[in-house]
Amino acid sequence: MTLASAFPATARAPRPAKPLVLAHRGASALRPEHTLASYAKAIQDGADFVEPDLVATKDGVLVARHENEISETTNVADHAEFASRKTTKTIDGQALTGWFTEDFTLAELKTLRAKERLGMVRPESQAYDGQFQIVTFDEIADFVAAEAAARGRTIGLIPEIKHSTYFAGIGLPLEPRFLAAVRAHGYLRYAPLIVQSFETENLKALRPQIAEFHNIQLLQLVEPSPRAAAMLTPAGLATIATYADWLSPYSRLIIPTDADGKLGTPTGLVEAAHRAGLLVSAWTFRPENRFLPADLRDGAGENARNPKGSLAEMRRYLAAGLDALFTDDPALGREAVDKT
């Protein structure tokens, strides 16, 4: 069964035949995030979808970076010619100091190279520092299309629109650029696409705009915050279901940890979301001890990889009824889904 038939990419789709493996920034536990190498590894390891986080350049091109501030994920600080562009900005209410994609043309960003953000934790990925370019959404679309053709299977994309209000406020709205890319790429017009955002108004605005596309769904991300409490009530979930197809909360909102840091009892959020008509994913499952609940860590050290613990964690969440999961290590996600 192809992904397209297992997961019809239409509004209010039925639950997929099996939970989907969503490659968080690619195979970001093993390669620098949001590089073609990271996406290639994710696809090789069996991801159903790959995730590009989208931000804009000065000349209005969509590129894949987790944040528009790029000092942690590129070697921009090593480029003396860009030293004067270091600045402080307020992004979504948070003051950040560094270098920002919107202050660079695409040609300038192409002179930079990606680096591992968690070098002490991910030495395998860090070994690739300096090898890969920042890539555009167009380049990712072409790459995924080629991989899908070579492998004979459909590979979905799950782009996240980053800081929508901020970019609109500086004259670089992201959503029109995303829709233009979909119209321009044959693969993006039929491959399953799920558009994510932590914001709500942009998703609401996108709902009527995607009516012409039968392959796009919308996903509401939710982080742990006082605002989340209202969003995750029955009334809040019903509201989300009026414009989104998916709910994707931080994982501990689905199964929290107790006072000792051990996994506790499911909150019932998955069942409530399903009753509201939403599909449910969770973010993000990572294979190192430092990210695991206390009862699933081993004795190899905080930064050590612990595949067994990561598999156990994902299986606990899959048992709670997830329709998809975001993982930094798609090979482990594939094993968790296929061997549960």
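How each quantity is defined
- Residues numbered from 1 in each chain as written.
- Predicted model: local features only at pLDDT ≥ 70, side-chain atom pairs only at ≥ 80, totals over all residues.
- Heavy atoms only, no water.
- Helix = DSSP H or I, 4+ residues; strand = E, 2+ residues; numbered from the N terminus.
- Rg over C-alpha atoms; globule rule 2.2 N^0.38 Å.
- Buried < 20%, exposed > 50% of the residue type's maximum accessible area, 1.4 Å probe, protein only.
- 1 Å grid on protein atoms, 1.4 Å probe; cavity = no way out; pocket = protein on both sides within 12 Å on 5 of 7 lines; lining within 4 Å.
- Points joined across faces, edges and corners; volume = space filled by probe spheres on them.
- Nonpolar A, V, L, I, M, F, W, Y, C, P; charged D, E, K, R; others polar.
- Contact = heavy atoms within 4.5 Å.
- Salt bridge = Lys/Arg side-chain N within 4 Å of Asp/Glu carboxyl O.
- Axes fitted to C-alpha atoms, helices over the stretch in contact; angles between N-to-C directions.
- Parallel < 35°, antiparallel > 145°, perpendicular 65-115°, else oblique.
- Left-handed = near helix turned anticlockwise from the far one by under 90°.
- Phe/Tyr/Trp six-rings, centres within 6.5 Å; stacked < 30°, edge-to-face > 60°.
- Lys NZ or Arg CZ within 6 Å of the ring centre and 35° of its normal.
- Pairing = 2+ DSSP bridges.
- Right-handed = clockwise from strand over helix to strand, strands pointing away.
- Core = buried A, V, L, I, M, F, W, Y, C linked by side-chain atoms within 4.5 Å.

**Some remarks on the overall build of the chain**
Link 1 in the chain: A count of helices and strands for the chain gives 13 helices and 13 strands.
Link 2 in the chain: Taken over C-alpha atoms, the radius of gyration comes to 19 Å for the chain, in line with the 20 Å a tight globule of 340 residues would show.
Link 3 in the chain: Each principal axis of the C-alpha distribution contributes one length, and for the chain these read about 55 × 50 × 45 Å.
Link 4 in the chain: A burial count over the chain gives 57% of its 340 residues as buried.

**Comments concerning the layout of surface pockets**
Link 1 in the chain: Its volume calculated, the largest pocket comes out at about 650 Å³.
Link 2 in the chain: Lining the largest pocket are 28 residues, and of these H66, K162, F198, E223 and W283 lie nearest its centre.
Link 3 in the chain: Within the residue set of the lining of the largest pocket, elements represented by two or more residues are β8 (160-161) and β9 (193-197).
Link 4 in the chain: Across the lining of the largest pocket, the residue classes break down as seven nonpolar, eight polar and 13 charged.
Link 5 in the chain: Space inside the second largest pocket adds up to approximately 310 Å³.
Link 6 in the chain: Lining the second largest pocket are 13 residues; nearest its centre among them are H66, E67, Q94, L96 and H163.
Link 7 in the chain: Among the residues making up the lining of the second largest pocket, the classes are represented as two nonpolar, four polar and seven charged.

**Concerning the environment of S197**
Link 1 in the chain: Along the polypeptide, S197 turns up in strand β9.
Link 2 in the chain: Its relative accessible area of 1% is what places S197 among the buried residues.
Link 3 in the chain: Sequence-wise, S197 and T35 are 162 residues apart; in three dimensions their C-alpha atoms are separated by 21 Å.
Link 4 in the chain: The residues touching S197, leaving out its near neighbours within four places in the chain, are I161, N202, L203, L219, Q220 and L221.

**Structural notes on the pattern of salt bridges**
Link 1 in the chain: According to the stated counting rule, one finds 24 salt bridges in the structure shown.
Link 2 in the chain: Here K41 and D45 are joined by a salt bridge, their closest N and O atoms 3.6 Å apart.
Link 3 in the chain: Bridged by salt links that share partners, the residues K18, D48, R334 and D338 form one connected network.

**Points about the packing of helix α2 (residues 36-44) against helix α5 (residues 137-151)**
Link 1 in the chain: Between α2 and α5, the shortest axis-to-axis distance is 11 Å and the interhelical angle comes to 25 degrees. In terms of orientation, α2 lies roughly parallel with respect to α5. The element α2 and its partner α5 pack so that their crossing is right-handed. Facing L36, Y39, A40, I43 and Q44 of α2, the residues of α5 in contact are I140, F143, V144, E147 and R151.

**What to know about the packing of aromatic side chains**
Link 1 in the chain: Inspection of every chain in the model, using the stated rule, returns eight aromatic pairs.
Link 2 in the chain: Through a chain of ring-to-ring contacts, three or more aromatic side chains come together here, namely F198, Y250 and W283.
Link 3 in the chain: The ring of F104 is capped by R85, whose NZ or CZ atom sits 5.0 Å from the centre of that ring.
Link 4 in the chain: For R286, the ring lying beneath its charged end belongs to F291, and the centroid distance is 5.3 Å.

**Observations regarding the pairing of strand β1 (residues 20-23)**
Link 1 in the chain: Residues L20 and L22 point to one face of β1 and V21 and A23 to the other, with burial holding for every one of them.
Link 2 in the chain: In this sheet, strand β13 (residues 324-327) lies alongside β1 in parallel orientation, the contact comprising four bridges. Within the sheet, the bridge partner assigned to L20 lies in β13 and is A324.
Link 3 in the chain: Pairing of β1 with strand β2 (residues 49-50) involves two bridges; the strand directions are parallel. In the sheet register, L22 faces β2, and the bridge partner there is F49.
Link 4 in the chain: Crossover β1 to β2 through α2 is right-handed.

**Some remarks on the nonpolar core**
Looking at soluble globular proteins, one finds that nonpolar side chains tend to be buried together.
Link 1 in the chain: Formed by 86 residues in total, the largest nonpolar core has its most connected members in V144, L157, F178, L247, I254 and L322.
Link 2 in the chain: The element contributing the most residues to this core is α5, with six residues.
Link 3 in the chain: Formed by 12 residues, the second largest nonpolar core is a distinct cluster that contains I158, I194, L219 and L279.

**As for helix α13 (residues 330-338)**
For the α-helix, the turn length of 3.6 residues means that residues three or four positions removed from each other point alike.
Link 1 in the chain: Buried residues of α13: P330, L332, G333, R334, A336 and V337, and no others.
Link 2 in the chain: Those residues of α13 that are buried are in contact with β1, α2, α12 (307-319) and β13.

**Examining the packing of α12 against α13**
Link 1 in the chain: Two numbers describe how α12 lies on α13: the axes approach to 9 Å, and their chain directions differ by 50 degrees. By the criterion of interaxial angle, the relationship of α12 to α13 is oblique. For the pair α12 and α13, the crossing hand works out as right-handed. Residues P307, S310, L311, M314, R315 and L318 of α12 form the contact with α13, whose own contacting residues are L332, G333, E335, A336 and V337.

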